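# Structure at a glance
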Amino acid sequence: MLLPHRGRPGAPLSPTGADLMRLISDPGTPVFLTVHAGGRRRYSYWQPFDPGTGRGSCYAALPTAECDALHAAGRITLGEPVVDPTRTTYRVRPARAQSAPQRLARRQARAA
């Protein structure tokens, strides 16, 4: 089950939310949401190997509640689903901010 999209709030992001948005906005780090057949949701990304720390080469999970909150707030969007018998996977991307001229044009069109 996907969460409803509610639009962009004016509230600032939490520190964790800001870190998640930086990660999700990085084009070199694809983030995915996997919804398992039982309803369990998991946001994750591939963490490349870091020779300096000796860590990586694994999937890293992200905090589900924070990611769900970003999605509900309209800060992230989900791509087309890839469905298999046990799970559905979505690519997670930052939502595009609507530019001011587009918003202004829509308001003017409604007023006319």
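For the structure given in this document, a descriptive report is provided here.

Turning to the overall build of the protein chain, a few remarks are in order. When helices and strands are counted, the protein chain shows three helices and six strands. Looking at the protein chain as a whole, 27% of its 112 residues are labelled buried. Long-range pairs, those at least 24 residues apart, make up 51% of the contacts in the protein chain between residues at least 6 apart in sequence. For the protein chain, the exposed surface amounts to about 7,600 Å²; the carbon and sulfur share of it is 56%.

Here we come to the pairing of strand β1 (residues 31-36). Each regular strand displays side chains that alternate between the two surfaces of the sheet. Taken together, the five bridges between β1 and strand β2 (residues 41-47) define a ladder with antiparallel strand orientation. Its bridge partner being in β2, phenylalanine 32 is matched across the sheet by serine 44. The antiparallel hairpin formed by β1 and β2 contains four residues in its connecting segment, where glycine 39 sits at a positive phi of about 100°. Note: β1 against strand β6 (residues 87-94), six bridges, orientation antiparallel. The residue of β6 that forms the bridge with leucine 33 is tyrosine 90.

Here β2 runs beside strand β3 (residues 58-62); their pairing, made up of five bridges, is antiparallel. Within the sheet, the bridge partner assigned to tryptophan 46 lies in β3 and is tyrosine 59.

Turning next to the environment of leucine 62. With respect to the helices and strands, leucine 62 occurs in strand β3. C-alpha separation for the pair leucine 62 and leucine 33, spaced 29 residues apart in sequence, amounts to 9.6 Å. Leucine 62 has contacts with Leu20, Leu23, Val31, Tyr43, Ser44, Tyr45 and Cys67, leaving out every residue within four places of it along the chain.

Right, let's talk about unusual backbone geometry for a bit. For serine 57, which is not a glycine, the phi torsion comes out positive at approximately 55°. Along the chain, the position of serine 57 falls in the loop between β2 and β3. Among the residues examined, serine 57 registers a relative accessible area of 42% and is labelled partly exposed.

Between helix α1 (residues 15-25) and helix α2 (residues 64-72), whose axes approach to 10 Å, the crossing angle comes to 75°. With respect to each other, α1 and α2 are oriented roughly perpendicular. Contacts from Thr16, Gly17, Leu20 and Met21 of α1 reach α2 at Glu66, Cys67 and Leu70. The residue inventory of the contact of α1 with α2, partitioned by class, reads four nonpolar, two polar and one charged.

Cut-offs used in this document
Residues numbered from 1 in each chain as written. Predicted model: local features only at pLDDT ≥ 70, side-chain atom pairs only at ≥ 80, totals over all residues. Heavy atoms only, no water. Helix = DSSP H or I, 4+ residues; strand = E, 2+ residues; numbered from the N terminus. Buried < 20%, exposed > 50% of the residue type's maximum accessible area, 1.4 Å probe, protein only. Contact = heavy atoms within 4.5 Å. Areas by Shrake-Rupley, 256 points an atom, 1.4 Å probe, with all protein chains shown as cover. Pairing = 2+ DSSP bridges. Axes fitted to C-alpha atoms, helices over the stretch in contact; angles between N-to-C directions. Parallel < 35°, antiparallel > 145°, perpendicular 65-115°, else oblique. Nonpolar A, V, L, I, M, F, W, Y, C, P; charged D, E, K, R; others polar.

The values reported here are purely geometric and, on their own, carry no functional implication.
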